[in-house]
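Listed below, chain by chain, are the residues.
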Amino acid sequence: MRAACIVSSGAAGDFTPASDVDILMLASEGEGESAVRRRLIEGKVFEWMIIGREDLGDADAILQDAGLTHDLLTAIILKDEGGWLTRLQSRIASQHHEPERIWSRTTGQLDCMRRFAREMSRRVDEGQILMAQRSHVAVLKAVFALPRAILNKRCTMSRGLLFCREAALELGWTVYVHDAIELLGVEHASRAFVTKLDALSRQIIAESTFTDDEKAIRIHHLWQSKWLLDHAEPSDAVWPLYFWSSTNVQEGGDKKNQSSWRHWIRFVEELGIADISGLRRKAILAGELLHSATDLAEEYGSLHGLCPKSSHDT
């Protein structure tokens, strides 16, 4: 191990009792590993990834990535052979506020929205329900991240809708928040609705083929929803349940585990995306949201000197 740092909420200081401890490690040689490792220690989930130095070798590319930029900006360095990671963090800190960097990260989120919205529409046209649902998750991640990117603020996956709501309201994008909530399918969410989805999420895990240790870690990920339910809007608490249930179904073998799969179908029925017709409505809404998001971002960027006003192709 050449270097290691704590990233995300544990480093940025906005963690909750349900937050994981995320650690990024740089291998001394080689390419590292693509898999994320997890371990539950004294009621806290530790997640770590081992990457090669070349994965962080291009500072310009890092500065185009909203998530990675702010992870490295706030990282708590635990080990740094030769000081390379410290120098990289210093460069990120000196350049992340530059207008062209902010606009690059903003357009990056718009590109993600565009790419996954198109993929979702294609999957719907092909009748691939599960793949369309996964594209729906990917679109939402970009939708939630956009307002934070244009304000040059950090966002997290589990509190994606909450952070989106806060940033969008700061920008004055009230309609954007409404459309993001509608795209998720929780415009009428209540505590009872969240409690029902939480029970289904736990059943997906309980009836999976994961080991007991893996099940405990995956259950821990759902706790963020309970925290959000107590500290934010019910709709905000749905997102981590949806994201992690989708992940657990995918990693648990999809339809191969019919018992777990049945609970997933009941879950997505609540969000209105259990069939092609429901997914088609969401795909259309995603396209409309992309169009309005592009207009909003370009208007803000032009007013604040981040970008020239330009036309766009949706």
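Reading the values: the criteria
Residues numbered from 1 in each chain as written. Predicted model: local features only at pLDDT ≥ 70, side-chain atom pairs only at ≥ 80, totals over all residues. Heavy atoms only, no water. Salt bridge = Lys/Arg side-chain N within 4 Å of Asp/Glu carboxyl O. Helix = DSSP H or I, 4+ residues; strand = E, 2+ residues; numbered from the N terminus. Buried < 20%, exposed > 50% of the residue type's maximum accessible area, 1.4 Å probe, protein only. Axes fitted to C-alpha atoms, helices over the stretch in contact; angles between N-to-C directions. Parallel < 35°, antiparallel > 145°, perpendicular 65-115°, else oblique. Left-handed = near helix turned anticlockwise from the far one by under 90°. Contact = heavy atoms within 4.5 Å. Nonpolar A, V, L, I, M, F, W, Y, C, P; charged D, E, K, R; others polar. Core = buried A, V, L, I, M, F, W, Y, C linked by side-chain atoms within 4.5 Å.

## Description of the pattern of salt bridges
Note that side chains of opposite charge can pair when their charged atoms are close. Under the counting rule described, the total for this entry stands at 17 salt bridges. The closest approach of N and O atoms between Glu170 and Lys153, which form a salt bridge, is 2.7 Å. Of this pair, Glu170 sits in helix H7 (residues 160-171) while Lys153 sits in the loop between helix H6 (129-150) and H7, and the two are 17 residues apart along the sequence. Assessed through its relative accessible area of 31%, Lys153 is described here as partly exposed. Beyond isolated ion pairs, a larger network of salt bridges with shared partners links Asp60, Arg91, Glu98 and Arg101.

## Comments concerning unusual backbone geometry
Note: most peptide bonds trans; most residues except glycine with negative phi. Even without being a glycine, Asn152 presents a positive backbone phi close to 60 degrees. Along the chain, Asn152 falls in the loop between H6 and H7. Its identity as a non-glycine residue notwithstanding, Asp254 has a phi of 55 degrees, on the positive side. Structurally, Asp254 is set in the loop between helix H11 (234-251) and helix H12 (258-271). Note on Asp254: relative accessible area 22%, which makes it partly exposed.

## A short note on the packing of helix H9 (residues 191-206) against H12
Packing of H9 against H12 leaves a shortest axis separation of 8 Å and a crossing angle of 155 degrees. The orientation of H9 with respect to H12, classified from their angle, is roughly antiparallel. Handedness of the crossing formed by H9 with H12: left-handed. Taken together, the residues of H12 that come into contact with H9 (itself represented by Phe193, Lys196, Leu197, Leu200, Ser201, Gln203 and Ile204) are Ser260, His263, Trp264, Arg266, Phe267, Glu270 and Leu271. In terms of residue class, the contact of H9 with H12 is made up of 7 nonpolar, 4 polar and 3 charged.

## A closer look at the nonpolar core
The biggest cluster of nonpolar side chains holds 68 residues, and the ones touching the most others in it are Met113, Tyr176 and Tyr242. With 10 residues, the single largest contributor to this core is H6. For Met113, the contacting residues outside a window of four places in its chain are Val139, Ala142, Val143, Leu146, Tyr176, Leu289, Leu290 and Ala293. Core analysis: the second largest hydrophobic core is formed by 16 residues, Leu24, Ile51, Ala59 and Ala75 among them.

So far we have only geometry, and geometry alone does not tell us how the molecule works.
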